[in-house]
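# Analysis of the macromolecular model
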Amino acid sequence: MTVYFIGAGPGAADLLTVRGLRILQKSPVCLYAGSLVPAELLDDCPSGARLVDTANLDLDQIIAELSEAHARGEDVARLHSGDPSVFSAVAEQMRRLDQLDVPYEIVPGVPAFAAAAAALKREFTVPGVGQSVILTRIARRATAMPEGQDLETLAQSRSTLVLHLAVQEIDSVVATLTPIYGAECPVAVVAKASREDEQILRGTLAGIADQVHRAGIKRTAVIVVGPVLTAAEFPDSHLYSSERCRA
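Parameters at a glance
- Starting afresh in each chain, residues are numbered from 1 along the sequence in its written order.
- Predicted model: local features are reported for residues with pLDDT of at least 70 only, side-chain atom pairs are reported and counted for 80 or more only, and whole-chain, interface and lining totals are derived from all residues.
- Water and hydrogen atoms were dropped before computing side-chain values, which therefore reflect all heavy atoms in the structure.
- UniProt positions are given in the numbering used here, feature names are shortened, and annotations may be inferred rather than shown by experiment.
- Helix and strand definitions here come from DSSP, where helices need a minimum of 4 consecutive H or I residues and strands a minimum of 2 consecutive E residues; each element is numbered from the N-terminal end.
- Burial classes: relative accessible area under 20% of the type maximum marks a residue as buried, over 50% as exposed, and values in between as partly exposed (1.4 Å probe, protein chains only).
- Working rule for contacts: check all heavy atoms of both residues, and any pair within 4.5 Å makes them a contact.
- A 1.4 Å probe and the Shrake-Rupley method give the accessible areas. Residues count as covered only by the protein chains that appear here.
- Two residue types count as positive, namely Lys and Arg, and two as negative, namely Asp and Glu; His and chain ends fall outside the count.
- Where a charge sits is defined by one atom per residue type, namely NZ (Lys), CZ (Arg), CG (Asp) or CD (Glu).
- In this description, one arc is meant: the one made by directions from the helix axis to the C-beta atoms.
- Buried residues of nine kinds, namely Ala, Val, Leu, Ile, Met, Phe, Trp, Tyr and Cys, make up a nonpolar core once their side-chain atoms join them within 4.5 Å.
- Every angle, taken between N-to-C directions, lies between 0 and 180 degrees, and every axis is a line fitted to C-alpha atoms, over only the stretch in contact when it is a helix.
- Relative orientations are named as follows: roughly parallel for angles under 35 degrees, roughly antiparallel for angles over 145 degrees, roughly perpendicular for angles from 65 to 115 degrees, and oblique for any other angle.
- Crossing handedness is read from the near helix: turned anticlockwise from the far helix by less than a right angle, it gives a left-handed crossing, and turned clockwise, a right-handed one.
- Residues are grouped as follows: Ala, Val, Leu, Ile, Met, Phe, Trp, Tyr, Cys and Pro are nonpolar; Asp, Glu, Lys and Arg are charged; every other residue, Gly included, is polar.

As recorded by an unreviewed UniProt entry, the chain carries the name Precorrin-4 C(11)-methyltransferase and is attributed to Kineosporia babensis. Here the chain is described in UniProt, under the heading Sequence similarities (unreviewed entry), as follows: "Belongs to the precorrin methyltransferase family." Of the chain, the UniProt comment under Pathway (unreviewed entry) reads exactly: "Cofactor biosynthesis; adenosylcobalamin biosynthesis."

Have a look at this one:
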């Protein structure tokens, strides 16, 4: 058997990859985070499949479900929101499965930051404006950040910042970033990207916190900070330049 860690995407059920869908349709066991994974995806599970909501399970309980499926010789579709490569808590599950000699594969998904960029209709790497994107979070009520990876330190690069799991601390984020990026730096907050109830807020560091509080956004959101959000005057990319095409 195989455990398939499947990126279920940012929220819209039709953003699941074709590969992920095919695996889901044939797996007799499906573990999913009920608070984040679209319920419609479960309709694609085989009839009679074992469906386990992991929202209230701890790591030991999740690994028990996976190892029991392994003992039965049953493939498992393990659905994670977004993409397993970032902020997914997949690493500790894989470590446990390695210890138990349980095979697994990873199926990529559409990450939240990509869905946010699509919702904003912006590219996060704009020539001459911003060519680096930092995906990060803050440490409130979560695992401490490693040394040198606190928000103030990362912000010194003035790269495009995408903050996950931070919208509840928007006031602290603004206070940290304003001295570095400036009060008029463009900011966007995208909540529930790609879903029917998606919310998009646009503004600057000076006013975004008030917008967030008024909108009542407290979770399932990313904060994007940087001049790429409003850039209009920038050079064309070398990718499609006449010089390159003649080369």
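This brings us to the overall build of the chain. Helices and strands together make up the secondary structure of the chain, namely eight helices and ten strands. Each principal axis of the C-alpha atoms in the chain carries an extent, and together these give about 60 × 50 × 35 Å. For the chain, with 247 residues in total, the buried portion stands at 43%. Contacts in the chain between residues far apart in sequence, at least 24 positions, make up 69% of those at least 6 positions apart. For the chain, the exposed area adds up to about 12900 Å²; of that, 49% sits on carbon and sulfur atoms. The centroid of the 22 positive side-chain charges in the chain is displaced by 2 Å from the centroid of its 30 negative side-chain charges.

Next up on the list: helix α6 (residues 170-181). Of the residues making up α6, those classed as buried are I170, V173, V174, L177, I180 and Y181. Taken around the axis of α6, the buried residues stretch over an arc of 135 degrees, which confines them to a single face. For α6, the exposed residues lying more than 90 degrees away from the buried face are A175 and P179. Positive backbone phi, at 95 degrees, marks G182, one or two positions downstream of α6.

Moving on: the nonpolar core. L161, L177, Y181, V189 and I223 are the most contacted members of the largest nonpolar core, which totals 28 residues. Contributions of two or more residues to this core are made by α5 (151-155), β7 (160-164), α6, β8 (186-191), α7 (208-215) and β10 (221-225). Among the elements that make up this core, the one with the highest residue count is α6 (six residues). Counting 17 residues, the second-largest nonpolar core is a separate cluster that includes I6, A8, A33 and L41.

One can describe the packing of helix α2 (residues 59-72) onto helix α3 (residues 91-100) by two numbers: an axis separation of 11 Å at closest approach and a directional angle of 50 degrees. With respect to α3, the element α2 is oriented oblique. In this structure, α2 meets α3 at a crossing whose hand is right-handed. Within the contact between the two elements, α2 uses L59, D60, I62, I63, L66 and S67 and α3 uses E92, Q93, R96, L97 and L100. For the contact of α2 with α3, the class distribution of residues is six nonpolar, two polar and three charged.

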